[in-house]
Every structure is written in structure tokens, then in C-alpha cells.
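Fold and geometry: a report
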Amino acid sequence: MNMTTPGAASPRPVKLSCHNLWKVFGPNAEQFLASHGGKVTTADLERAHLVGAVRNASIEVREGETFIIMGLSGSGKSTLVRCLSRLIEPTAGELTVDGQDLLKATEAELIDIRRHKMGMVFQHFALLPHLNVLDNVAFPLLIQGVDRKTREERAMQMIELVSLKGRERRFPAELSGGQQQRVGIARSLAVEPEIWFLDEPFSALDPLIRREMQAELIRLQNVLKKTIVFITHDFDEAIRLADRIAIMKDGAIIQIGKPEEVVSNPATDYVAKFTQDVNRARVLSAAGIMLPASPGASCLRRVKAVAKIESFAAEIVESATPFAVEDAAGVIIGEVTPRDVINVLTGKGRGAEA
Amino acid sequence: MTDVTASPAPGLRKAENLGQYMVPLTIVAAVTIFLLRDRLPSLNTYPDAAIIPFKDWVGAVMSWMKVNLTWFTRSLAAMMDVPLRFAFNLLAKGFKLGNGPEATMLPRLSWLGVVGVMGWLGYIYGGWRLALLCGGGFFALALFGVWNNAMLTLALIVICVPFCVITGLLVGIWSYRSPRFDGWLITPALDLMQTIPTFAYLIPMLLLYGASPVSALLATGLFATPPMVRATLLGLNKVPSEIKDFADMAGCTRRQKLWRVLIPSAKPSLMIGVNQVIMLALNMVIISSMIGAGGLGYDVLLALRALKIGQAMEAGLAIVIIAIVLDRLSQAIAHRQPAIAIAEGTWARHGNLIIAVGLLALTTIFALFIPALATFPKSLTLTTAPWWKAGVDWLTLHMFDAIEAVRVFVLLYFLNPMRAGFESLPWLGVLLVVVALGWRLGGWRLALLVGLLGFFAAASGLWVPAMQTLYLAGAATLVACIIGIPLGIWASRSDRVQSVVMPIIDTLQTIPMFCIIIPVVMLFRVGDVTALIATVAFAIVPAVRYTNHGLRQVPSHLVEAGQVAGCTRWQLFRHVQLPVAMPEIMLGINQTILLALSMIIICAMVGTRDLGQEIFKALAKADSGRGIVAGLVIAFIGIIADRLITAWVNKRKMRGGLT
Ligand SMILES: Nc1ncnc2c1ncn2[C@@H]1O[C@H](COP(=O)(O)OP(=O)(O)O)[C@@H](O)[C@H]1O
Ligand SMILES: [Mg+2]
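Presented here is a report on the structure given in the accompanying data block.

1. Details of unusual backbone geometry
We note that N56 of chain A has phi near 55°; this positive angle belongs to a residue other than glycine. Tracing the chain through its elements places N56 of chain A in strand β2 (residues 51–62).

Below, the structure written as C-alpha cells:
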């Protein structure tokens with residue numbers, strides 16, 4: 001969502017975090033991990049006929065942040081997000097929500113946390129086929145014992161929020177894929193969760209609908225400001241929505257960073273491959289390519305450090321003079337030259353050389 | 001191919017080679033044993049001295065149960081008797097209040113009301129056509145003067161089905177929740193229960209409860225519950241994992257997850273289970289007339305025993321009508337889409353129920369004053385019995401020679417030689433081949449299983465009757481496949497043929513086993529030929545259905561690939577469609593074998609000499625040990641066939657990557 005807060009100096013509190021999290025499928029996975037003391041290779045796992053779906057993953061998701069987990073199919077994204085919500089019991093590691101150890105939560109506590117703090121949207125929508133739209137959206141409230149009137153009112157609000165008003169008596173089978181996912185989104189929001197998990201919510205949709213839903217999500221997040229953990233296998237989608245991205249490969253997280261950092265500084269060749277075809281001007285900001293301000297130079301214009309290159313590229317190239325870069329407080333911290341901007345636009349030089 | 005690709009470790013290769021020769025080797029061994037039968041008699045005919053007295057053991061257990069569990073059986077019987085009696089009174093007999101001369105009679109439900117409600121149900125769930133089928137079908141019951149007995153049969157079903165459905169649902173949920181319990185107890189028990197022939201269920205019930213409707217009810221319940229367990233298990237397992245995850249994420253408790261998410265999501269599968277329960281219950285209620293169920297089945301039984309073909313046919317037809325109506329109605333209910341607009345208010349929610357109850361109440365009250373509503377006027381009933389009799393008489397007069405010629409021909413040139421062949425099969429040889437097949441197809445576990453089950457047949461001293469059953473079931477399967485598979489192929493290649501064949505097949509499947517025998521007996525009298533024909537008619541259904549389905553399911557891209565490669569139609573069929581559809585076709589054959597086995601047993605009624613006859617006699621003498629062991633032997637034959645074929649299909653699918 002690219003809403004990097006100006007006050008980056010005082011980071012928001014951590015909402016959800018995991019440290020050295022492992023999920024190994026197969027018999028006696030726990031003993032296996034314990035005996036190897038966290039140093040496990042792919043060959044070790046293969047020899048023991050185990051699948052290391054998540055390996056030694058550590059992430060910290062901050063309040064109000066859109067955190068994206070990106071990776072190819074089978075890289076362990078779903079498993080990781082299911083561990084974070086404890087739908088799957090992690091094999092090893094730590095997991096905290098609001099500083100509370102989620103792995104120590106009893107079944108009753110877990111139910112309570114999920115009822116009030118967490119919401120989830122699924123790739124294939126997971127709507128209940130026997131309920132209409134209204135009842136589907138109201139379902140999480142129903143099981144909490146909320147009375148009929150309140151829950152239907154609340155559900156109607158959510159249905160309006162996702163622009164499905166007038167379709168509340170339809171059944172899931174009568175809706176298009178995009179509409180079904182809107183129901184899924186409305187349902188997950190009905191309980192006003194603080195943490196919102198979305199597991200490839202748009203992957204089953206057509207490309208055009210997908211873009212529309214992405215815009216919708218950005219709109220919703222601007223209003224709701226949830227803590228979002230969003231899974232995707234689509235790097236463009238990740239760039240478009242993310243505050244930060246974690247890139248997964250074979251169960252391990254190989255890089256975490258802002259879209260800009262990932263694009264300009266890919267940690268490995270693997271990551272670089274994803275970033276190849278990205279439109280850099282749209283990802284990189286002025287701060288990403290600025291040089292120290294040359295003393296005494298008179299700059300024609302000022303741009304904000306967080307401004308994307310795309311937003312001032314035409315002007316700077318036309319004016320053929322450097323622009324000054326200022327931070328949130330208006331202090332000049334550097335300058336960008338037309339040459340650097342052209343290099344970014346043509347895919348050469350700084351930020352592209354990685 | 002290069003040398004590198006295909007050279008497994010030498011040890012592996014040796015084992016593989018050994019496996020290849022295993023089956024042929026055992027066949028050679030079996031033939032050798034047979035040829036040396038004079039020198040090795042005990043390897044051909046199981047020695048009497050080595051017979052293990054399973055019969056006596058089972059008999060002892062049953063006697064012990066009879067003596068020591070009376071309190072339990074009695075109270076269970078008393079408990080079941082209450083709703084059953086109520087249903088009997090409501091539908092057929094009327095309520096008698098008080099005793100002696102002052103007793104007042106409350107009437108049973110008026111036939112017109114019942115016909116009306118059936119029509120109304122049909123209308124709600126399937127529109128006018130179903131309304132006509134249901135209402136018309138039940139009206140025919142009144143018209144043909146079998147209303148009373150039909151309602152007795154229906155009463156048993158009405159009480160039995162909810163009982164089976166609830167039990168099945170609960171057991172299914174339980175085994176879903178604990179896979180270990182399912183794997184070790186439920187699935188094997190279900191396999192056994194579904195292969196034990198129907199007659200064998202009657203024996204312990206007869207022993208424990210005597211000949212009474214309660215015995216029939218319990219036997220029916222036992223017989224009809226397994227498909228509900230399976231449907232529940234299947235349905236719950238089939239719920240998409242995302243929906244299960246959703247239930248957890250929404251914060252459902254275990255109970256909420258089950259009843260509010262899983263069960264409703266599994267509803268389509270569950271409803272298929274309910275439909276199967278209804279059909280099996282009807283089937284079994286008819287057969288249970290042998291132990292006092294009464295109703296239409298009893299009419300058939302009496303008429304068959306007295307060889308009154310007309311009456312048997314009439315009652316049989318009434319059963320078929322009930323079967324078709326119940327089947328179509330329950331399927332319509334199962335497939336109904338949820339209504340789009342749900343209006344508010346009591347009327348909208350319960351309107352249909354109110355109409356139905358009102359209809360019954362009104363007609364029944366009117367029946368107090370108008371006798372024609374209470375009992376369908378005798379003068380208006382039609383009886384079809386004379387027509388059937390006339391038809392049969394005509395046939396025997398004009399076609400006797402032709403029919404007899406067919407009968408004798410089949411008997412002399414097909415059945416008798418086959419029978420002789422099967423009867424002289426050496427037990428050890430057969431067992432060796434079966435074990436080798438098991439080992440080849442499914443490893444040592446399967447080999448052990450089929451070996452033990454086969455040995456049970458030999459050691460129980462029932463080897464020869466078992467082979468006689470195998471011969472008849474084998475002959476019937478063979479004929480059913482020879483007719484059914486080409487029919488299925490034909491149906492798969494033409495929508496027109498399919499639209500003619502499949503409804504016939506569907507109807508054939510709804511006809512209770514007992515009723516199929518009747519017309520065949522009319523033409524071919526009693527004996528193996530009748531058994532063969534009736535069994536083929538019953539068992540052909542899956543052969544046709546699975547073949548058609550399997551061929552139609554061949555992915556179109558495979559067919560297109562074949563066409564692009566320039567296959568002729570025959571090549572396409574031979575090299576693409578048939579191989580891909582083969583696993584499905586084999587499953588059909590598997591089903592055909594199981595159905596043939598169960599039908600063959602019923603055919604003991606028309607004088608076959610085999611395990612069925614063994615059970616039939618045991619039933620007559622209430623000899624539980626003998627009957628149950630014979631029933632188990634049949635079940636084991638079915639399980640052996642089932643396991644071997646399933647293993648073959650799985651192996652084949654795995655190789656084709658079509659899992
Ligand atoms: N229940 C399970 N048992 C065994 N292996 C599993 C299970 N669930 C997932 N896996 C394996 O874990 C890996 C990661 O799966 P998943 O998290 O679904 O990947 P993604 O969501 O990134 O496509 C895959 O190799 C998958 O086969
Ligand atoms: Mg996934």
C-alpha cells in the first residue's frame with residue numbers, strides 16, 4: 001500500500017511475530033529437529049522422508065502494516081500463514097501475538113483470539129455452500145452467539161463495504177469468482193479483526209478482476225488500517241500492495257524488506273530474477289537513487305524523499321537540472337540527477353545493476 | 001533407451017523377476033495337485049479330519065448370548081416395538097383404545113390423504129412430473145388392492161430409515177474424528193457387513209427375537225446402516241480443507257465446527273447416503289418377511305412358495321412401485337437447490353408441512369363418515385393376478401418348447417460343465433494361486449489377508465458349496481460382463497443409446513432383489529438357469545454404468561491427441577479410451593461380482609445347491625452356527641475378489657499417474 005509513514009523514526013509496535021519457526025511434515029518430525037539442533041539441510045530432510053515446509057522463518061509484522069509473503073507455489077507460504085494462526089501446529093519455534101505467546105494458548109484462549117483478533121480470507125473463498133451471502137457474512141458472529149438483529153445489521157454493513165448490496169440473498173454458487181471473494185472479505189471483516197490474513201485471495205481470479213480487487217483492497221486498507229499478512233505468488237501484486245515483502249523459497253525466507261529495497265538490492269540471484277521485469281520508476285523513490293547534495297548547487301525544484309521516481313520523471317528530464325530531495329521535515333538531504341532517472345527508466349545503472 | 005535409465009539395483013531386480021513368475025508358478029502347482037489327485041487326495045479335497053468346528057463355536061456363542069443377554073435383547077425389542085406399533089397403527093391397522101366390547105377404534109390415515117401427501121411432496125421437490133409419479137404410484141397401490149400390506153411395509157421403512165440414518169451419521173462422525181478407530185474397526189466391519197449376504201442377517205435375529213417385526217426391523221437396520229456410515233465419512237473427508245480452516249479461524253468450537261460447518265457442507269454426500277439407506281432398507285424389509293416382517297414381502301413369499309405366479313407378480317409390482325417412488329423422491333430431495341429468496345414468517349417456513357398435515361387430518365376425519373375414504377372400495381380395485389396368470393399360461397402353451405430348449409441348452413453346455421469344473425478345483429491349488437495374486441498385486445499383507453480368508457472357506461468344511469457359489473456367481477458375472485460391457489461401450493458412444501439404456505439400468509437397480517426372481521421363475525421354473533438369469537439381470541447394472549461412465553470420463557485432450565496422431569476410430573478406442581477407462585471398468589466388474597454374490601444367495605429360494613442353500617436350510621432350522629459361518633464364507637469370497645481387484649486398479653492407476 002506504500003503508505004510508508006513519515007515518522008519512520010518511531011516504528012509502530014510489533015503485532016505479530018515468529019522466531020525460528022519450523023514446520024516439518026512427516027513422522028517424528030519433532031525428534032528429528034531436536035536431534036539436529038536447528039541445523040538441517042535439504043538432504044537431511046530427504047533422507048528422513050520429511051518435508052520441510054517452513055524452515056527457520058522469523059518475521060515481525062508491525063501494527064497497521066501490510067506484510068506480504070511472496071514465493072512460488074510450494075514454497076511454504078500457506079503453511080507459514082497457517083502456523084501464524086496456529087491452524088497448523090508449528091514443529092518448533094516461537095510465535096507471539098501482541099507479545100502473548102500464542103503457542104502456550106489453550107484451546108479456549110485460541111478460540112477467543114481467533115474470534116476477536118484474527119480474520120482470514122482464502123484462495124478458493126471457502127464460503128459455506130448452504131448459506132446465502134448474508135448468512136455467510138454473519139456466520140462468525142453467529143457462532144459467537146451474537147443476536148440475530150445485531151449480526152445481520154453488522155453483516156449488511158460489511159456487504160455494503162465490499163459493494164455487494166442487493167445480492168445478500170444470493171447463494172455462493174450464484175456469484176462470480178470476484179463477487180465470492182468479496183463475500184469472503186466481508187465475512188473475514190465482520191468481527192473487526194486486528195490481524196487480517198489473506199492467503200492468495202486473488203489468485204483464483206481473472207487478471208482484470210484481480211487488479212480491480214487489488215485496488216479495492218488498497219481502498220479498504222486506507223479506511224481500516226488493519227495489520228495485514230498477505231500471501232501471493234505474484235511479485236507485481238506484492239510490489240503493488242506491500243509495505244514490506246518477505247520472499248520465500250523452499251520453506252525458508254530469503255529476504256525481507258520494503259519493495260524498494262528488494263528491487264534495488266535483491267539478496268540473491270533468485271530474488272533478482274523476480275525483480276527483473278518490474279517497472280522500477282514506480283517502485284523506487286527519490287531517496288533510493290539520490291546522491292549527496294552538491295554544495296552550492298541551486299536546484300530548480302524539491303521533491304519528497306518518498307516520492308516515486310515515476311511521479312517526477314517527466315519534469316526532471318525536461319528541465320535537465322538536478323532536483324533537491326527533502327525529508328518529511330523539509331530538510332534537504334540530497335539530490336537526484338536527470339541522468340540517474342533516465343538510467344532507472346531505461347533499466348540501466350543504479351538500482352538495476354544488482 | 002540407454003543402459004543408465006533402466007537398471008535398478010540387482011537385488012530389486014531379482015525380486016521383481018521372482019514376482020513375475022510367482023503367479024504362473026502357482027498355477028502350475030495347482031494343475032499338478034489336480035493331476036495327482038489320486039495320490040494327494042487331501043490336497044484336493046479338504047480332509048474331514050482337519051475341519052475346524054467354526055460352526056459349533058459360533059453356535060455356542062449365539063446360544064450363550066441367547067441365554068445371558070435376554071435382558072438386553074428383550075428391552076431392546078420392547079423399545080423398538082413402541083414406535084413400530086405406532087407406525088403400523090397409523091398407516092395400516094388403526095388404533096384400538098380400551099379393551100373388550102367398549103373398545104373404540106381410531107382410524108388409520110386415509111389412503112386418499114397419503115396419496116395426496118405423496119403427490120404434494122413430489123410437487124414440492126420435483127414439479128408436476130414427480131407429483132404424478134408419487135401420487136399415481138401410491139394410488140396404484142390402492143387400486144390394486146394391496147394398500148394394507150403396502151402400508152405395513154412402508155411403516156417398517158418409516159421407522160427404520162431415521163434410525164439407520166442417525167446411527168450411521170454418528171458412527172461416521174466418530175470414525176471421521178478418530179482415523180485409527182476407523183482403520184482398525186469401522187472400515188473392516190463395514191466391508192464385512194456389506195458383503196455378508198442378506199439371509200445371514202436374519203439368522204441371529206431370528207434366534208434372539210423369534211419371528212417378529214422387531215427381528216425384521218433390527219436385521220434391516222443392521223443391513224441398511226453401513227452406506228450411511230460410508231457416506232458420512234466420505235462427505236466429511238471431502239469438505240475442502242479451506243472450509244475446515246475457515247471454521248477454525250472463525251473460532252468455532254469443536255461442536256460448532258461439526259454441526260454448523262462440516263455436516264451442512266457435506267450434505268450432498270449425506271443425502272446420497274440417505275437414498276441408499278432407503279433403498280437397502282426396502283430391499284431388506286422384503287427379505288425379512290421370512291422372519292416375520294409381514295407386508296408385501298410376505299405376500300411374495302407365500303405366492304412363490306405356492307407357485308402362484310399371478311399373486312407373486314402383483315405383490316412384486318407393488319414393491320417395485322414403492323421402490324421407484326421412494327428412490328425418485330429421495331433423490332429429488334437430495335438434489336434440490338436451496339431456494340433463492342427465503343421469505344419471512346411461519347407460513348413461509350412451515351407452509352408445506354402445514355398443508356401435508358392438514359391434508360392427512362382432513363381426509364382422515366372425513367373417512368370417519370365416508371367409508372370409501374377409509375378403505376379403498378373393494379368394488380373399484382383391480383387385480384392384475386389373472387392377467388399375469390393368463391400371460392404365463394399362454395407362454396407355456398405356445399413357447400414352452402422354445403423356452404425349454406434354451407434352458408436345457410444353457411444347462412447342458414454352459415452351466416453343468418462349469419459346475420463340474422469348479423467342484424473339482426483342488427483347495428490347496430486355488431489357495432496358492434490366490435495368495436500369489438495377492439502378493440503380486442498388494443504385497444505380503446494382501447497375500448496374508450486373502451490367504452487367511454480363503455483358508456477359512458476350506459477349513460470350515462464348506463469348500464464344495466463355496467465352489468458351487470463361486471461357479472454360479474462366476475457364470476453370472478461372466479454373462480453380465482459379456483452383455484453389460486458392450487452395452488456400456490455402446491451407450492458411451494451415443495447419447496441417444498445412453499438416454500435409452502441408463503433409465504432402464506436405473507430402474508433395474510431400484511428393484512429389490514426378491515422381485516427380480518419372480519418373472520424369471522415364471523418362465524424358467526426353479527433351478528440354476530433361473531438363478532443365473534435373475535442374477536445377471538441384477539448384477540449387470542454396474543457393468544453397464546461404470547463402463548459408460550469410465551469411457552465418457554476419458555479426458556478430451558487425450559482423445560484429441562490421439563486424433564491428431566492420426567488414430568482410426570478403432571485405434572483410438574483400443575489404444576487411448578479403453579486403457580484410460582480400464583480402472584473404472586474394473587471397478588464396475590468388482591461391483592458386479594459383489595452384487596452377483598448377494599443375489600446368488602437369494603436364489604437359494606429357487607433351488608440352487610450352494611452356500612445360499614446352506615444358509616436357507618440353517619434359517620429354516622434356526623441353526624445359527626451353520627448359517628453364520630456359511631454367510632461369512634460368502635462374505636470372504638466377496639472380500640477376496642474385492643481386494644484383489646481394488647489392488648489391481650490402484651496399481652494400474654499409480655502406474656498411469658491417474659491418482
Ligand atoms: N499436510 C501436509 N503434509 C505433507 N506435506 C505438506 C502438507 N501441507 C503442505 N505440504 C508440503 O509443504 C510444502 C509447502 O506447501 P504450501 O505451504 O501449501 O506451499 P504454498 O502455499 O507456498 O504453495 C509443499 O511441498 C507441500 O507439498
Ligand atoms: Mg498456498
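What follows continues from the structure just given.
2. Thoughts on the interface of chain A and chain B
Listed per partner, the contact involves 29 residues of chain A and 22 residues of chain B. Counting the surface lost from both chain A and chain B, the interface buries some 2200 Å², and carbon and sulfur atoms represent 63% of this. Across the contact surface, chain A and chain B share 1 salt bridge. Here R82 of chain A ties to D245 of chain B by a salt bridge, and the two come within 2.5 Å at their closest N and O atoms. For the interface between chain A and chain B, the tally reads 6 residue pairs in polar contact (both at pLDDT 80 or more). The set of elements that each furnish at least two residues to the side of chain A that touches chain B consists of α4 (107–116), β6 (118–121) and α5 (133–142) of chain A. Among the elements that line the side of chain A that touches chain B, the one with the most residues is α4 of chain A, at 4 residues. Broken down by class, the residue content of the side of chain A that touches chain B amounts to 16 nonpolar, 5 polar and 8 charged.

3. Examining the pattern of salt bridges
Residue and element names in this part refer to chain A. Following the criterion strictly, the structure yields 37 salt bridges over all chains and no others. For E153, the salt bridge is made with K149, and the minimal N-O distance between the two is 3.5 Å. You can see E153 and its partner K149 sitting in helix α6 (residues 148–161), 4 residues apart, about one turn around the helix. Assessed through its relative accessible area of 46%, E153 is described here as partly exposed. Here K149 falls in the exposed class, since its relative accessible area comes to 61%. With its nearest N and O atoms 3.0 Å apart, the salt bridge here joins R302 to E326. Remark: E326 occurs in strand β12 (residues 323–326) and R302 occurs in strand β11 (residues 302–304); sequence separation between them is 24 residues. Accessibility expressed as a relative area gives 11% for E326, which makes it buried. Through salt bridges with shared partners, a single ionic network connects K15, D98, K117 and E194.

4. Let's talk about helix α7 (residues 179–195) of chain B
Helix length check: α7 of chain B, at 17 residues, gives a terminal C-alpha distance of 22 Å against a target of 24 Å (1.5 Å per residue), a fit within 8%. By the largest-angle criterion, I186 of chain B marks the main kink of α7 of chain B, which is about 35°, and a proline, P188 of chain B, follows within four residues.

5. A short note on the sheet that holds strand β5 (residues 100–101) of chain A
All names here are of chain A. Spatial strand order, β2-β1-β4-β5: 4 strands in an open sheet with antiparallel pairing. The strands lining the two open edges of the sheet, one partner per strand, are β2 and β5. Here strand β1 (residues 14–25) pairs with strand β4 (residues 92–97) via 5 bridges, running antiparallel. Across the sheet, the residue bridging to H19 is E94, located in β4. The strands touched by helix α3 (residues 77–84) within the sheet are β1, β2 and β4, with β1 carrying the most contacts at an inclination of about 120°.

Rules used in this analysis
- Residues numbered from 1 in each chain as written.
- Chains lettered and ligands numbered in written order.
- Predicted model: local features only at pLDDT ≥ 70, side-chain atom pairs only at ≥ 80, totals over all residues.
- Heavy atoms only, no water.
- Helix = DSSP H or I, 4+ residues; strand = E, 2+ residues; numbered from the N terminus.
- Contact = heavy atoms within 4.5 Å.
- Buried area = accessible area lost by both parts, 1.4 Å probe.
- Salt bridge = Lys/Arg side-chain N within 4 Å of Asp/Glu carboxyl O.
- Polar contact = N/O pair within 3.5 Å; in protein donor to acceptor, adjacent residues only side chain to side chain.
- Nonpolar A, V, L, I, M, F, W, Y, C, P; charged D, E, K, R; others polar.
- Buried < 20%, exposed > 50% of the residue type's maximum accessible area, 1.4 Å probe, protein only.
- Expected span 1.5 Å × (residues − 1).
- Bend = angle between axes of the 7 residues up to and from the residue.
- Pairing = 2+ DSSP bridges.
- Axes fitted to C-alpha atoms, helices over the stretch in contact; angles between N-to-C directions.

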